[in-house]
There are 2 protein chains.
Amino acid sequence: MATQSKIVQCVPNFSEGRNKENIEKIVNPFRTRQGVKLLNYSNDEDHNRLVVTVIGDPEAVTESLYEAIEQAVQLIDLNKHQGQHPRMGAVDVVPFIPIRNMDMDEAIALSKEVGAEIGKRFGIPVFLYEKSATAPHRENLAKVRKGEFEGMAEKIHEPEWLPDFGPADRHATAGTVAVGARMPLVAYNVNLNTSDVAIADAIAKKVRHIGGGLRFCKAMGVELTDRNIAQVSMNLTDYSKTAIYRAHELVRIEARRYGVEIVGAEIIGLVPMMALVDAAAYYLGLEDFSIEQVLEYRMLE
Amino acid sequence: MATQSKIVQCVPNFSEGRNKENIEKIVNPFRTRQGVKLLNYSNDEDHNRLVVTVIGDPEAVTESLYEAIEQAVQLIDLNKHQGQHPRMGAVDVVPFIPIRNMDMDEAIALSKEVGAEIGKRFGIPVFLYEKSATAPHRENLAKVRKGEFEGMAEKIHEPEWLPDFGPADRHATAGTVAVGARMPLVAYNVNLNTSDVAIADAIAKKVRHIGGGLRFCKAMGVELTDRNIAQVSMNLTDYSKTAIYRAHELVRIEARRYGVEIVGAEIIGLVPMMALVDAAAYYLGLEDFSIEQVLEYRMLE
């Protein structure tokens, strides 16, 4: 069953989480092309954000991506965009993740090729980030995005924030975009039995790396207005070192300070099998368990 | 747009556990075919029996199975066969287990199709058993096989033991075969911080079905002499209805009566991905999680 064909995963984030019709127009280019498999897309009205996950042949995936970006640029005006999630562009971030017959260097090369094309074709300034970053201070997406769409009008002219590709000025409606290569990311959110987002935010600050918390954890507090609860929203950037269960239990521990409890959790988008097997093995206390024992894993060999 | 490729597991048992050359001839058809993955095979000289475990595309698996049966019929003469394990045929039993994108009805249909083909192609009488059985008294393999190869010469003519497919008389050298569908079995053991096997046994009696416990749980107490602890050893015969975590937590609850705690657990052999995902989802309290979110699951499509 092994083939020599390369498979890349791409998880573009678009700043549209509310208008169903626009969401469909942005997602559609990933549905029809040979060699591209749309795995998942999910929009969040509070975040006002759309996350699309596709895998496939690198060339086919990037062709679909350009079509989706064309839609996003036409449909999204950041001047009118509001949502809880920070954003700097209509197409906010485009990560490439090597999945099969590709190493990180190839994923980085692909991200640079795509970044150059986005700059040229759509007139959007592009920042290379994560493993593709051209300087250490540009690796972290939050740092690149700091100031968001509004602040980027000025920031982009600072010497250390000149874009890697595209025009020198922010696109008037589509802003800027970050493009880069990275390892698989697990988007993991923990819901609390409080409506006080300040508590979720305080917990987030303790569990995340920059606050003295877990090395591969980014986190922030989010208000789920429709459910009247607060959420600790996390990105686990290397689940093999910062496990889901560890982040989960650390949120529980921090929440105790406020007399708050966990009422649920969610995984947004795709998750590697090992991340869940690891959680099951932890909670059940499995001794000597190997992923080789999972039937479907053996099928992939 | 997802192509829902089916995966079935098949665990045929052959009555040859001693002659290495013959064993290889029987196993070989499972090695070479596209869409078939040989997971394991083990022969036991005392039992004089070979157990083969394969998964894959249902059509490809059954084609390999027919080739293996052809070898077994040529190589094995039950008139000369001796071993500790009860047996009624050269191919003794062929269970089909639905793994992915197949429900039990489909596995039953597959087993009947294969049973009919075995009867026709090889002239071997076929008994449908387990979920495929055509009457309640034919569900249990031990009951079907009672009398073994020797007794089957007469038994097969009794009105309640007429074969479901194939000729009315026992095959002169290959005997008869049981074919059927069943759920995957999860062998799950929970270790306790006591050396008293009587406590493990008392707990086992409460959690297992016949003691008033979980519907798809068989259990017994076992002494792990090398570690000086006792274990509740379970077989979960339908993990989709009697989940691993439920059995685990019920053992914990029963153990409290004795002031005993769980110190570890183990899964013996293979386990379907869904059984572990279910445990992770329970302990993390995942809301709206779908197995479609598991990357490797989607890559099998």
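On a predicted model such as this, the values are computed, not experimentally measured, just so you know.

A. Up close: the interface of chain B and chain A. Facing the 46 residues of chain B at the interface are 44 residues of chain A. When chain B packs against chain A, the two sides together hide about 4,100 Å² of surface, and 65% of this comes from carbon and sulfur. There are two salt bridges connecting chain B and chain A. One salt bridge connects Glu287(B) with Arg227(A), and the closest N-O pair in it is separated by 2.9 Å. Viewed at the interface, chain A and chain B are joined by 18 residue pairs in polar contact (both at pLDDT 80 or more). Secondary structure elements with two or more residues in the side of chain B that touches chain A: β1 (7–10), β3 (36–44), β4 (49–56), β8 (186–192), α8 (244–256), β11 (262–268), α9 (273–284) and α10 (295–299) of chain B. The element that contributes the greatest number of residues to the side of chain B that touches chain A is α9(B), accounting for seven residues. Tallied by class, residues from the side of chain B that touches chain A come to 28 nonpolar, 10 polar and eight charged.

B. Quick look at the packing of aromatic side chains. The full count for this structure, using the stated rule, is nine aromatic pairs over all chains. Arranged with centres 4.0 Å apart and planes meeting at 5 degrees, the rings of Tyr245(A) and Tyr282(A) form a pair that is stacked. Here Tyr245(A) is found in helix α8 (residues 244–255), whereas its partner Tyr282(A) is found in helix α9 (residues 273–284), with 37 residues between them in sequence. Ring plane angle 75 degrees and centroid distance 6.5 Å describe the contact between Phe127(B) and Trp161(B), whose orientation is recorded as edge-to-face. One end of the pair, Phe127(B), is in strand β6 (residues 126–130); the other, Trp161(B), is in the loop between α6 (148–155) and β7 (177–181), with 34 residues separating them in the sequence.

C. Spatial organisation of a negative patch on the surface. On the surface, Asp57(A), Glu59(A), Glu63(A) and Glu113(A) cluster together into a patch of negative charge. Note on placement: Asp57(A) falls in the loop between β4 (49–56) and α3 (58–75).

D. Examining the environment of Ala187(A) more closely. All names here are of chain A. Mapping Ala187 onto the fold places it in strand β8 (residues 186–192). The exposure class assigned to Ala187 is buried, which follows from its relative accessible area of 15%. The sequence separation of Ala187 and Glu266 amounts to 79 residues, and the corresponding C-alpha distance is 8.2 Å. When neighbours within four sequence positions are excluded, Ala187 is seen to be in contact with Met234, Asn235, Glu266, Ile267 and Ile268.

E. Broad picture of the sheet that holds strand β9 (residues 217–224) of chain A. All names here are of chain A. Read across the open sheet, the four strands follow the order β9-β10-β8-β11; overall the sheet is antiparallel. The strands lining the two open edges of the sheet, one partner per strand, are β9 and β11 (262–268). Put simply, the sheet's adjacent strands are angled 20 degrees from each other on average, direction ignored. The pairing of β8 with β11 spans six bridges and is classified as antiparallel. Note on β11: the bridge partner recorded for Tyr188 is Ile267. Packing against the sheet, helix α7 (residues 197–207) makes contact with β8, β9 and β10 (229–236), and its axis sits at approximately 175 degrees to β9.

What counts, and at which threshold
Residues numbered from 1 in each chain as written. Chains lettered and ligands numbered in written order. Predicted model: local features only at pLDDT ≥ 70, side-chain atom pairs only at ≥ 80, totals over all residues. Heavy atoms only, no water. Contact = heavy atoms within 4.5 Å. Buried area = accessible area lost by both parts, 1.4 Å probe. Salt bridge = Lys/Arg side-chain N within 4 Å of Asp/Glu carboxyl O. Polar contact = N/O pair within 3.5 Å; in protein donor to acceptor, adjacent residues only side chain to side chain. Helix = DSSP H or I, 4+ residues; strand = E, 2+ residues; numbered from the N terminus. Nonpolar A, V, L, I, M, F, W, Y, C, P; charged D, E, K, R; others polar. Phe/Tyr/Trp six-rings, centres within 6.5 Å; stacked < 30°, edge-to-face > 60°. Patch = residues over 30% accessible without salt bridge, like charges linked within 9 Å, V, L, I, M, F, W, Y side chains within 5 Å. Areas by Shrake-Rupley, 256 points an atom, 1.4 Å probe, with all protein chains shown as cover. Lys, Arg positive; Asp, Glu negative; His and termini not counted. Charge placed at Lys NZ, Arg CZ, Asp CG, Glu CD. Buried < 20%, exposed > 50% of the residue type's maximum accessible area, 1.4 Å probe, protein only. Pairing = 2+ DSSP bridges. Axes fitted to C-alpha atoms, helices over the stretch in contact; angles between N-to-C directions.

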